[in-house]
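Residue-level structure breakdown
Letter by letter, the chains look like this.
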Amino acid sequence: MKNLRKWGATLGAGVVILGLAGCADRNNNGQAESPATGNEVGNAVADNLGDTANAVKNVGNGIANGAGAVANTVSNGVGAMSNGLSNAAGTMASAGETAAMTSKIKAAIIANPGLKGRNINVNTMANTNTVSLKGSVASAAQKNLAGSIAKKNAPGYKINNQLKVGAM
Amino acid sequence: MPYMIGGEIAEVGAEPRLQDGILWVPLRKLGQALGGNADWIAPNQVAVLYLNDQIITLTIGDKTADVDGERRELQGAPFVEDGETWVPVRLFETLGYTLEADPQNGIVDLTAPV
């Protein structure tokens, strides 16, 4: 960056000096003007140096902006990956929770004296917050009992009691 | 009028009975008077009481009650008589009720849990 500025300034100043040193027709009136004075040369060089410095500065800003854009893209990409991983972990945790709930309900049903000997299938679906009961029972009383036990052990879940009442 | 619930006289439909030093009450009738519901599962000889969000399962002849999956010991084993399941009145203490009983005069006063 330093070298670029230095060369730019040198080049720019040289062009100005050469231009002013000659007898150029600066005001386009067809007549050559007298050579520029030292002050005029100095001012012109200073102006040119300033322009060159500004140009170099703009180039520097452009590079900085580009670098910033790249950094943002990388950051967004990393953030997206992180969210994806987090969601996957959450899904795995939810699957674990539903399996635990299914086991808990099944154990409570098996242990209850009123449902001894009944084969009742329990299925928990986290995406619909539903617990399904399937199988056969001897009476409406047993169906009610199984449904009540499921409801007790699955707070916030809807119970889909599909137990069939009939002779065993 | 042998029953009081929350300080108010309650009509239950069957009087408590004193037997073998234990005061027995009708499970379904008293459970309903307390705002609950009862079921009978004949193949398993089991009576179920649904009361105050609790599920109480009692097996005829078994001194252990199942209260929301927890085993509770009873004073005596439930029995069936006159189409009614009879349980020791102290079962309701297990369920959180405050019990004041006068076994000699067959008076039962139950106050619901807070």
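Our structure is the block above this text.
This report concerns the structure included in the present document. (Residues numbered from 1 in each chain as written. Chains lettered and ligands numbered in written order. Predicted model: local features only at pLDDT ≥ 70, side-chain atom pairs only at ≥ 80, totals over all residues. Heavy atoms only, no water.)

1. So, the interface of chain B and chain A
How big an interface is tends to be stated in terms of the accessible area lost upon association of its parts. What counts here: In this analysis, two residues are considered to be in contact whenever any of their non-hydrogen atoms come within 4.5 Å of each other. The buried area of a pairing is the accessible area, by a 1.4 Å probe, that goes missing from both parts when the two are put together, added over both. Put simply, a salt bridge is a Lys or Arg side-chain nitrogen that is within 4 Å of an Asp or Glu carboxyl oxygen. We define a polar contact as two N or O atoms separated by no more than 3.5 Å, with the added condition that, inside protein, one atom must be a possible hydrogen donor and the other a possible acceptor, whereas residues neighbouring each other in sequence contribute only through side-chain atom pairs. Only DSSP runs of H or I reaching four residues or more are called helices, and only runs of E reaching two or more are called strands; each is numbered from the N terminus. Amino acid classes used here: Ala, Val, Leu, Ile, Met, Phe, Trp, Tyr, Cys and Pro are nonpolar; Asp, Glu, Lys and Arg are charged; the rest, including Gly, are polar.
Each side of the interface is counted separately: chain B has 15 residues, and chain A has 14 residues. Here chain B and chain A share an interface that buries about 1,000 Å² over both sides, 57% of which is from carbon and sulfur atoms. When residues of chain B are sorted by the area they lose upon contact with chain A, B:Ile41, B:Asn44 and B:Ile55 head the list and together hold 39% of the total. Taken together, the connections running from chain B to chain A amount to 2 salt bridges. Here A:Lys152 makes a salt bridge to B:Asp68, at a shortest N to O gap of 3.3 Å. The interface formed by chain B and chain A contains 7 residue pairs in polar contact (both at pLDDT 80 or more). Going through the elements one at a time, strand S5 (37-41), strand S6 (46-51) and strand S7 (54-59) of chain B are the ones with two or more residues in the side of chain B that touches chain A. For the side of chain B that touches chain A, the leading source of residues is S7(B), giving 4 residues. Looking at the side of chain B that touches chain A, its residues break down into 7 nonpolar, 4 polar and 4 charged.

2. Notes on the pattern of salt bridges
For clarity, the cut-off: Relative accessibility thresholds used throughout: buried, under 20% of the residue-type maximum; exposed, over 50%; partly exposed, between the two (1.4 Å probe, protein chains only).
Per the counting criterion, the structure on display carries 7 salt bridges over all chains. Two residues, B:Glu70 and B:Arg72, come together in a salt bridge whose shortest N-O distance is 3.2 Å. Classification of B:Arg72 as partly exposed rests on a relative accessible area of 23%. A network of salt bridges, in which partner residues are shared, links A:Lys152, B:Asp53 and B:Asp68.

3. Re the pairing of strand S12 (residues 98-102) of chain B
Moving residue by residue along a regular strand, the side chains alternate between the two faces of the sheet. Residue and element names in this part refer to chain B. Here is the rule: One requirement defines pairing of two strands: DSSP has to find at least two bridges between them.
Of the strand pairs in this sheet, S12 and strand S13 (residues 107-111) are connected by 5 bridges, and their pairing is antiparallel. Across the sheet, the residue bridging to Ala101 is Val108, located in S13. What sits between the antiparallel neighbours S12 and S13 is a turn of 4 residues, in which Gly106 has the positive phi angle 65°.

4. Topic: the pairing of strand S3 (residues 158-161) of chain A
Pairing of strand S2 (residues 130-137) of chain A with S3(A), which is carried by 4 bridges, proceeds in the parallel orientation. Bridge pairing links A:Thr130 to A:Lys158 in S3(A).

5. Points about the sheet that holds strand S4 (residues 22-26) of chain B
Residue and element names in this part refer to chain B. The following threshold applies: Axis definition: a line fitted to C-alpha atoms, limited for helices to the stretch in contact. Angles are taken between N-to-C directions and run from 0 to 180 degrees.
Strands sit in the order S3-S4-S11-S10 across an open sheet of 4 strands; the sheet is antiparallel. The open sheet has two free edges, formed respectively by strand S3 (17-19) and strand S10 (79-81), since each of these has just one partner strand. For this sheet the average axis-to-axis angle between neighbouring strands, irrespective of direction, equals 40°. As paired strands, S4 and strand S11 (residues 84-88) are joined by 3 bridges and run antiparallel to one another.

Geometric values such as these leave the question of function open.
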